[in-house]
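Chain by chain, the residues:
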Amino acid sequence: MLNTDTKVSRADLSEIFLSYQGEGPWMGFRQLFLRFSGCDLRCVWCDTPDSLTRPKLPTALTGLTPQALLNLVSEYQGNYHSLSVTGGEPLLQVGFLEDFLRAYAAFRPVYLETAGHRHKEMQVLAPLVDIVSLDFKLPSSTGERELWEEHKLFLQACVGKRGYIKITLSGATALEEIERAARLVAGSAPLDFCVVLQGASAVQNALGDFAVPSSSQLIAAFDVAVAVLGEGRVRLLGQLHKSLGLP
C-alpha cells in the first residue's frame, strides 16, 4: 500500500519540466510541472504509466525535502503562469506538499491536478491551492471502482477555489454515468466549476485495452451533460500537448 502518512517530509517525483497546460480552461498557459510519483488508481488509458509507482532505486528526484524542491524550482527563471502539481496522484504525498506549498506560497499560482478522490487531503491543502483540476473517474471508462461518494466529498472541499472537472471518455463510457456525474456536479460543485469532456487518446503502454471514443460518442456525452448543467457549464475539448507533440 502506498504511504500516505501526513507527517512525511520527503517526496518522490518522476520529473520536473516547463511546458504548456494541455487540458481544460487553462489550456495553453505555460506552467512548471512537478510530477509526483505514485498513484492508487490504474485507469486503462493512463498516459503517464511511469509515474504510477514510486521508484525502488534513488534518483535525483527522490527523497526530496521541501527545501530541496524549492531549490530545484528556483532554477527555472523563465516566465510561467503557474506551478502545476500533478502525478501520479500528488495527494498521496500531502504532508510534504503542505510543507512545500507553505514555503512556495509567495511565488506563482498553484494548479493542482488530481483524481479528486481524497477529500481529507484536499481539506489540508485547500488554503495553499489556487486552481483545482479534478479528474472524475467513471468506472465504464477507467476500468476502476466507483468513486461517486469520494468525488462528492472532494467537490465540497473545493468551495472557494477556482477550477473545473475533467471527464475522460473512452469508447466504453456509459451515458448513464455521464448523467450521474453531471447531477453530482449540479448538486455539489462550486458554481463556477465547469465540466470538460475529453476523449481518451491512443497511448503507448496503456494499462489495458480500450477504444478511443468516436466523434458521435463525444457529442452524445456533451448533449447528456448539457441537459443537466446547461450550455455554460460544459465544454468539449481536446488535448493541446498531444496535438503539438509536447510533454
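Since we're looking at a predicted model, the values are computed, not measured. (Residues numbered from 1 in each chain as written. Predicted model: local features only at pLDDT ≥ 70, side-chain atom pairs only at ≥ 80, totals over all residues. Heavy atoms only, no water.)

S.K.: Tell me about the side chain of Q93, residues and numbers included.
M.R.: Tracing the backbone shows Q93 in the loop between β3 (82-86) and α2 (94-104). For Q93, a relative accessible area of 5% corresponds to the buried category. Contacts of Q93, omitting those with residues within four sequence positions, involve R10, A11, D12, F36, S37 and R54. (Helix = DSSP H or I, 4+ residues; strand = E, 2+ residues; numbered from the N terminus. Buried < 20%, exposed > 50% of the residue type's maximum accessible area, 1.4 Å probe, protein only. Contact = heavy atoms within 4.5 Å.)

S.K.: So what's going on with the sheet that holds strand β8 (residues 234-236)? Which residues, and what values?
M.R.: The mixed open sheet is built from 8 strands, whose spatial order is β1-β2-β3-β4-β5-β6-β7-β8. Of all the strands in the sheet, just β1 (13-20) and β8 have a single pairing partner and so form its edges. Neighbouring strand axes in the sheet, compared pairwise and without regard to direction, differ in orientation by 20° on average. In this sheet, strand β2 (residues 30-36) lies alongside β1 in antiparallel orientation, the contact comprising 7 bridges. Its bridge partner being in β2, L18 is matched across the sheet by L32. (Pairing = 2+ DSSP bridges. Axes fitted to C-alpha atoms, helices over the stretch in contact; angles between N-to-C directions.)

S.K.: Any details on helix α7 (residues 215-229)? Residues and values, ideally.
M.R.: Taking 1.5 Å per residue, 15 residues should reach 21 Å; α7 reaches 21 Å between its end C-alpha atoms and fits that length. Looking only at α7, the buried set comprises L218, A221, F222, V224, A225, V226 and L229. Looking at the residues trailing α7, positive phi occurs at G230, about 90°. (Expected span 1.5 Å × (residues − 1).)

S.K.: Mind laying out the nonpolar core, listing which residues take part and the relevant values?
M.R.: The tendency in soluble globular proteins is for nonpolar side chains to be buried side by side. The biggest cluster of nonpolar side chains holds 57 residues, and the ones touching the most others in it are L69, F100, I167 and L197. When residues in this core are grouped by element, the largest group, 7 residues, is from α7. Not counting chain neighbours up to four residues away, the residues in contact with F100 comprise L34, P66, L69, L70, V73 and L83. (Core = buried A, V, L, I, M, F, W, Y, C linked by side-chain atoms within 4.5 Å.)

S.K.: I'd like a rundown of the packing of aromatic side chains, residues and numbers included.
M.R.: Under the counting rule described, the total for this entry stands at 7 aromatic pairs. A ring pair is formed by F100 and Y104, whose centres lie 5.8 Å apart and whose planes are at 20°; its orientation type is stacked. Placement of both F100 and Y104 in helix α2 is noted, with a separation of 4 residues, approximately one turn of the helix. The class for F100 is buried, based on a relative accessible area of 0%. For Y104, a relative accessible area of 1% translates into the label buried. Members of the aromatic cluster, connected to one another through ring pairs, are F36, F96, F100, Y104 and F107. The ring of Y80 has R108 lying over it, and the distance from NZ or CZ to the ring centre is 4.1 Å. (Phe/Tyr/Trp six-rings, centres within 6.5 Å; stacked < 30°, edge-to-face > 60°. Lys NZ or Arg CZ within 6 Å of the ring centre and 35° of its normal.)

S.K.: Before we move on, can you summarise helix α5 (residues 148-157) with the specific residues and values?
M.R.: Considered for burial, the residues of α5 that qualify are W148, H151, F154, L155 and A157. Against β4 (110-114), α3 (119-125), β5 (131-136), α4 (139-142), β6 (162-169) and α6 (175-188) lie the buried residues of α5.

S.K.: A description of the packing of helix α1 (residues 66-74) against α2 should follow, citing residues and the corresponding values.
M.R.: In contact at an axis separation of 9 Å, α1 and α2 are set at 50° when each is read in the N-to-C sense. The angle between α1 and α2 places the two elements in the oblique class. In the packing of α1 onto α2, the handedness of the crossing is right-handed. In this structure, α1 uses P66, L69, L70 and V73 to contact α2, whose residues at the interface are F96, D99, F100, A103 and Y104. Broken down by class, the residue content of the contact of α1 with α2 amounts to 8 nonpolar, no polar and 1 charged. (Parallel < 35°, antiparallel > 145°, perpendicular 65-115°, else oblique. Left-handed = near helix turned anticlockwise from the far one by under 90°. Nonpolar A, V, L, I, M, F, W, Y, C, P; charged D, E, K, R; others polar.)

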